Amino acid sequence: MIWVWIALAPILGGLVYGGERVLRARMQRRQGPPVLQPFYDMFKLLDKRTLIVHAPHALLGVAHFFVLWFTVAAIFLGWNLLYIVFLHLFAQMLLILAGYSVRSAYSHLGANRELLMLIAYEPILILVAVGFYLQSGSFDIAQIVRGGGYLVQMPLLFVALAMIVPIKVKKSPFDVGEAHQEIVGGVEIEYSGLFYEFLYMSRFLEYIFIYSFVFIFAGVSYGLGAALVAGVFLLVNLVDNATARVRTMHMVKIIYAVALSLSIVNIMWIVL
């Protein structure tokens, strides 16, 4: 059964992405697109002509998608959380390299922003994994989810994790990687047709990846996990509708000043 969920992970992420667009539209009192709109977009993209700048650029985009999918599979299989964080880091580095591999100012600008986003959220993910290790005695997700009480022992780490969710799903105030008015398509600008399709589906997997971390905080209680994911999902979209985008460096400073500080305090609290 678990392999079915792994196979369906991009579709599940697409449904979450579509549901998010509906929720945002309702918050703005608009009709908005249907839940299945991301999949309609995928079929339209398949009809577009595929142009390749050069082979490594195209391959890096495809590799980014498959490494991200493998990372999500590792989460479902309950593998080592620290290894999963580094697998995700590897997937993001492939995307950044793809951005730098072409002669496009917008692609380089997008790669710069992806790199700064990585610098902002990666320490938080590592500290969350360390927090789970200190509480459960293992980095293995299968072992971590057998425990509980993480919200009580790691409340500040949960707040820090909730703060980086908008970076991963590119929502205000930290949607610096989605700033079309400033960077046009960013790292995606030189992709088209089938190869852009892989990057588009990578967005779906990012939702599964980051919200899986939120779910793990519930431990053995799946009902609580679903409630946590729903709560953070609603909060992220409320904030997205109510705030403007901050500057890239401000995003890094806010995450380091608030989220990283909270994470370190929580780790010290657990250790002491």
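Residues numbered from 1 in each chain as written. Predicted model: local features only at pLDDT ≥ 70, side-chain atom pairs only at ≥ 80, totals over all residues. Heavy atoms only, no water.

*Asks:* What is the right way to read a nonpolar patch on the surface from this model?
*Replies:* Residues Met1, Ile2, Trp3, Val4, Trp5, Leu8, Ile11, Leu15, Val35, Leu36 and Tyr40 make up a contiguous nonpolar surface patch of about 1,100 Å² in total accessible area. Of all elements in the fold, only α1 (2-7) and α2 (9-27) reach the threshold of two or more residues within the nonpolar patch. Element by element, the count of residues in the nonpolar patch is highest for α1, at four residues. For Trp3, the location among the structural elements is in helix α1. (Patch = residues over 30% accessible without salt bridge, like charges linked within 9 Å, V, L, I, M, F, W, Y side chains within 5 Å. Areas by Shrake-Rupley, 256 points an atom, 1.4 Å probe, with all protein chains shown as cover. Salt bridge = Lys/Arg side-chain N within 4 Å of Asp/Glu carboxyl O. Helix = DSSP H or I, 4+ residues; strand = E, 2+ residues; numbered from the N terminus.)

*Asks:* For this particular structure, what's the right way to read the confidence of the model for the protein chain?
*Replies:* When pLDDT is low, close inspection of the predicted coordinates is not appropriate. When the pLDDT values of the protein chain are averaged, the result is 91; 98% of them are 70 or greater. Within the protein chain, the lowest mean pLDDT, 64, falls on helix α10 (residues 180-183), and the highest, 96, falls on helix α9 (residues 155-168). (pLDDT = per-residue confidence, 0-100.)

*Asks:* It is not clear to me how the packing of aromatic side chains should be interpreted in this structure. Could you clarify?
*Replies:* Any aromatic ring pair is given by two values, namely how distant the centres are and how the planes are angled relative to each other. What the rule picks out here adds up to 20 aromatic pairs. Measuring from centroid to centroid gives 5.1 Å for Phe65 and Phe66, while their planes differ by 75°, and the two rings are edge-to-face. Phe65 gets classed as buried once you look at its relative accessible area, which sits at 2%. In this structure Phe66 comes out as partly exposed when scored by relative accessible area, which is 43%. (Phe/Tyr/Trp six-rings, centres within 6.5 Å; stacked < 30°, edge-to-face > 60°. Buried < 20%, exposed > 50% of the residue type's maximum accessible area, 1.4 Å probe, protein only.)

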